[in-house]
Amino acid sequence: MEGGPRRVVIPWRAAPPSTLRGVRGRAGVAPETAPMAAAMLDRLVLTDFRNHDALALVPTRGFIVLTGPNGAGKTNVLEAVSLLAPGRGLRRAALGEMARADGDGGFGVAATIADGTELATGTLTSAPERRVVRINGAAATANALAERLSILWLTPAMDRLFAEPAAGRRQFLDRLALALFPGHATHATRYDAAMRSRNRLLAEERPDAEWLGALERRMAEHGAAIDRVRRETVAALAEKLAAQPPGDFPRAGLALEGWSGDDAALSEQLRAGRARDAAAGRTLAGPHRVDLAVRHLEKDRPAALASTGEQKALMLGIILAHAELVTGRTGTPPVLLLDEVAAHLDPGRRGALFARLAGRGQVWMTGTEPALFADVPSHATRIALS
């Protein structure tokens, strides 16, 4: 990443594996030879990111297990990987929060994936809140990352996702959709931009009707595309989940609730609702008003009413089924980031999880105790952060 007062991503040849700081590990190559090898990271380099000043990792196919005490930076590594996808990463943090406290304000995350493509993102010292993305050295948009790599994650903060406000579930659904439809991020970005412009225009005393109409047509075009992709994703995933036999992870029933419609319907709703939206200070019709409804199929009740442990198991079941769906649809398994995934699972369910994940692409997992991962295959990459 160039173009600023400093170079914030370590050049590839400047950070050989021998420069790893605070890391010890042993790596092996998984016995499977996946034809979808492009969907994995061959190399990851962090510069001034969170607590890591200069960290280089060389993961292999299969499991990557990061262990170490609290504060060692395990989740920070997963967050860095999540930035190789559109969006704000698994913590949804501001860019300025990601730069190392003792650094000079910028940070870099760079990776090489198995087909040789080089991805880089970060910020410059001169613009710590502006994200820069490069693909093979050329400037690119964050949305373009979705065409190179599919990344899904599960964090402890998501354990109560079903009981929290709908916005979090929409973000989760959009991440699932993005793995199947890389263009989904572009539609979402353009829809949100048009909606913000419309809201600002409606706040004016005499908004320009012609400009309002143009913004509403743009919202209708991209909003209908968002709705189609979400509904296709939910239908395919619900079918996948329903077809699975009962097992260690409960099956979830999925459905969309709230707004639905095509571009003509949304355009008319927006035009007719101008006075209402102006009074409310926000747009009250469109795909941003949709919610993902989840049910525990075996117990036939909303997931929000399930125990915390059941909700975590339901979420794991959705992630696992979706990874299988993505692999079947695209021929490429997504990269999975599972933060503290084993901490609250009993040994039987941990073993079932590892067995289900084996041979399904690259899976990054974190935990404080190496013993939690005793059932992970011996060829896994194991890294201890100190």
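The rules we used
- Residues numbered from 1 in each chain as written.
- Predicted model: local features only at pLDDT ≥ 70, side-chain atom pairs only at ≥ 80, totals over all residues.
- Heavy atoms only, no water.
- Pairing = 2+ DSSP bridges.
- Helix = DSSP H or I, 4+ residues; strand = E, 2+ residues; numbered from the N terminus.
- Contact = heavy atoms within 4.5 Å.
- Axes fitted to C-alpha atoms, helices over the stretch in contact; angles between N-to-C directions.
- Expected span 1.5 Å × (residues − 1).
- Polar contact = N/O pair within 3.5 Å; in protein donor to acceptor, adjacent residues only side chain to side chain.
- pLDDT = per-residue confidence, 0-100.
- Buried < 20%, exposed > 50% of the residue type's maximum accessible area, 1.4 Å probe, protein only.
- Parallel < 35°, antiparallel > 145°, perpendicular 65-115°, else oblique.
- Left-handed = near helix turned anticlockwise from the far one by under 90°.
- Nonpolar A, V, L, I, M, F, W, Y, C, P; charged D, E, K, R; others polar.

Caption draft 1: Structural view of the sheet that holds strand β11 (residues 291–296). One open sheet holds the three strands; their spatial order is β10-β11-β12, and the pairing between them is antiparallel. Strands at the two margins of the open sheet, each flanked by one partner only, are β10 (252–257) and β12 (301–302). Alignment of β11 against β12, held across two bridges, turns out to be antiparallel. Bridging from a neighbouring strand, Arg295 pairs with Pro302 of β12. Against the sheet, helix α3 (residues 166–180) engages β10 and β11, with an angle of about 90° to β11.

Caption draft 2: Structural view of the sheet that holds strand β2 (residues 41–49). What the six strands build is an open sheet, ordered β3-β2-β5-β6-β7-β8; its pairing is antiparallel. Since the sheet does not close on itself, it has two edges, and those belong to β3 (52–57) and β8 (138–140), each with one partner. Direction aside, neighbouring strands of the sheet carry axes that sit 20° apart on average. Two strands pair when backbone bridges link them, and strand β5 (residues 107–113) and strand β6 (residues 118–124) are joined in this way by six bridges, in the antiparallel orientation. Of the residues in β6, the one forming a bridge with Val109 is Thr121. Docked against the sheet, helix α1 (residues 74–82) engages β2, β3 and β5, running at close to 110° with respect to β2.

Caption draft 3: Broad picture of helix α5 (residues 209–243). Across its 35 residues, α5 extends 50 Å between first and last C-alpha, which sits within 8% of the 51 Å expected from 1.5 Å per residue. Between a side-chain oxygen at the N-terminus of α5 and the backbone nitrogen of Glu210 the separation is 2.8 Å; the capping residue is Asp208.

Caption draft 4: Looking closely at the confidence of the model for the protein chain. The share of residues in the protein chain with pLDDT of 70 or more is 90%, and the mean pLDDT across the chain is 88. Here residues 1–37 is a poorly scored stretch, pLDDT under 50, and it has 94 contacts once near neighbours within four places are set aside; other chains count.

Caption draft 5: How the structure looks around the pairing of strand β15 (residues 381–385). Burial analysis of β15 places five of its five residues in the buried class, the great majority of the element. On β15, burial covers both faces: Thr381, Ile383 and Leu385 on one face and Arg382 and Ala384 on the other are all buried. Looking at chain direction, strand β4 (residues 63–67) and β15 are connected through four bridges and run parallel. Counterpart to Ile64 in the pairing with β15 is Thr381.

Caption draft 6: Broad picture of unusual backbone geometry. At Asp48, a position not held by glycine, the phi torsion is positive, near 50°. If you trace the backbone, Asp48 turns up in strand β2. Non-glycine residue Arg50 carries a positive phi angle of around 50°. Topologically, Arg50 is positioned in the loop between β2 and β3.

Caption draft 7: Quick look at the packing of α3 against helix α8 (residues 308–330). Closest axis-to-axis distance for the α3/α8 pair is 9 Å, and the angle between their directions is 20°. Classified by the angle between their axes, α3 and α8 sit roughly parallel to one another. Between α3 and α8 lies a crossing of right-handed hand. Along the contact surface, α3 presents Phe172, Leu176, Ala179 and Leu180, while α8 presents Met315, Ile318, Ile319, His322, Leu325, Val326, Arg329 and Thr330. Per-class residue counts for the contact of α3 with α8 are nine nonpolar, two polar and one charged.

Caption draft 8: Region of interest: the environment of Arg92. The residue Arg92 is located in the loop between α1 and α2 (95–98) in this model. Taking the C-alpha atoms as reference, Arg92 lies 28 Å from Arg329; in sequence the two are 237 residues apart.

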